[in-house]
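# Structural overview
So the chains spell out like this:
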Amino acid sequence: DREPLGREACILRGFALDRQDALLAAIAHVTAVAPPRHMVTPGGFTMSAALSNCGALGWVSDARGYRYAARDPGRDQPWPDMPAVFLGLARDAAREAGFPGFTPDACLINHYAPSAKMSLHQDRDEHDLGAPIVSVSLGMEAVFLFGGHVRADRPRRVPLYHGDVAVWGGEDRLRFHGIAPLKDAPHPRLGPLRINLTLRKAG
Ligand code: MD3
Ligand code: FE
């Protein structure tokens, strides 16, 4: 079922559940090659979520700023290839949400422990802001903060559960959004961990 968040944003509840084994195996492979790290923001804060990436480009942050990079700065090596199960899920979810033909070239993998969060921000480092974004939630539940087009707009709070997929593009593409600090409520399969895959066309 398709739960609308905006005119061009929705949540597909449980859309990833039937592929969870393949997704978790692929995530384990990527993070064994490119371990998640806590990156530093240009403002000097260390992010509470630990990040890895796969695909041609990966989102990175350091004192110089945010950007997409073809190499993992932790290893000075290219990011692991995008697993086929990520590409298939992104394409299928985007089509279901009304964005046919989506092919991501970047997948950010966020790891959250209890109390980790992501402050309100916009995703605007991508070259083509006309492409949608697909995000997959696995493990512990989180409260998604769905804001407006200016930071001061009070965000809606929407729970995200294991297997949910969110898709947003068009007029909702530049909304402010974030993740509230996670409760300490371990997931039966993943334990005290939430993993978010954010699939984008970055280049
Ligand atoms: C935005 N990640 O990595 S994605 C990020 O769960 C990021 O790790 C969060 O924001 C995470 O940049 C949230 C989920 C999401 C869902 C629907 C949206 C972001 C959205 C709708 C509009 C704008
Ligand atoms: Fe974001």
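Residues numbered from 1 in each chain as written. Chains lettered and ligands numbered in written order. Predicted model: local features only at pLDDT ≥ 70, side-chain atom pairs only at ≥ 80, totals over all residues.

## Comments concerning the site of ligand 1
The immediate surroundings of ligand 1 are formed by 17 residues, with Ser135, Ala166, Trp168, His177 and Asn196 found nearest. Taken together, the residues of the shell around ligand 1 break down into nine nonpolar, five polar and three charged. (Near = placed C-beta within 6 Å. Nonpolar A, V, L, I, M, F, W, Y, C, P; charged D, E, K, R; others polar.)

## So, the UniProt feature "binding site: substrate" (unreviewed entry) in the protein
In the UniProt entry, the feature "binding site: substrate" (unreviewed entry) is given for Trp59, Tyr66, Arg67, Tyr68, Asp125 and Arg151. Taken together, the annotated residues stretch across 93 residues and extend over separate regions, lying up to 23.2 Å apart by C-alpha. With respect to the helices and strands, Asp125 occurs in the loop between strand S9 (118-121) and strand S10 (133-139). Excluding residues within four positions of it along the chain, Asp125 makes contact with Trp59, Tyr66, Arg67 and Tyr68. Considering the arrangement of structural elements, one finds Arg151 in the loop between strand S11 (142-146) and strand S12 (156-160). Here Arg151 falls in the exposed class, since 11 other C-beta atoms lie within 10 Å of it. When neighbours within four sequence positions are excluded, Arg151 is seen to be in contact with Leu120 and Phe176. (UniProt positions renumbered as here; feature names shortened; annotations may be inferred. Helix = DSSP H or I, 4+ residues; strand = E, 2+ residues; numbered from the N terminus. Contact = placed C-beta atoms within 7 Å. Buried ≥ 20, exposed ≤ 12 C-beta atoms within 10 Å, placed from the backbone.)

## So, the UniProt feature "binding site: Fe cation" (unreviewed entry) in the protein
When the UniProt feature table is mapped onto this chain, "binding site: Fe cation" (unreviewed entry) is found at His121, Asp123 and His177. Judged by maximum C-alpha separation, these annotated positions cover 57 residues in sequence but sit close together in space, the widest gap being only 8.7 Å. Owing to 13 C-beta atoms within 10 Å, His121 belongs among the partly exposed residues under this scheme. For His121, the contacting residues outside a window of four places in its chain are Phe176 and Gly178. A residue is classified by how many C-beta atoms lie within 10 Å of it, and Asp123, with 19 of them, is partly exposed.

## Some remarks on helix H2 (residues 84-96)
Helix length check: H2, at 13 residues, gives a terminal C-alpha distance of 18 Å against a target of 18 Å (1.5 Å per residue), a fit within 8%. Of all the positions in H2, only Phe86, Leu89, Ala90, Ala93 and Ala94 are classed as buried. Viewed end-on, H2 has its buried residues packed into an arc of 120 degrees, placing them on one side of the element. Exposed positions of H2 whose direction lies more than 90 degrees from the buried face are Ala84 and Gly88. Looking at the packing, one finds that the buried side of H2 touches strand S2 (9-12), helix H1 (20-33), strand S8 (106-112), S10, strand S13 (165-168) and strand S15 (194-200). Where H2 terminates, the next one or two residues include Gly98, which has phi positive at roughly 100 degrees. (Expected span 1.5 Å × (residues − 1). Arc of directions from axis to C-beta.)

## Regarding the sheet that holds strand S14 (residues 177-179)
The strand order across the open sheet formed by four strands is S9-S14-S11-S12, and the pairing between neighbours is antiparallel. With one partner strand each, in any of the chains shown, S9 and S12 form the two edges of the open sheet. Each neighbouring strand pair of the sheet contributes to a mean axis angle of 20 degrees, computed without reference to strand direction. Bridge count between S11 and S14: three bridges; the pairing is antiparallel. Bridge pairing links Phe144 to Ile179 in S14. (Pairing = 2+ DSSP bridges. Axes fitted to C-alpha atoms, helices over the stretch in contact; angles between N-to-C directions.)

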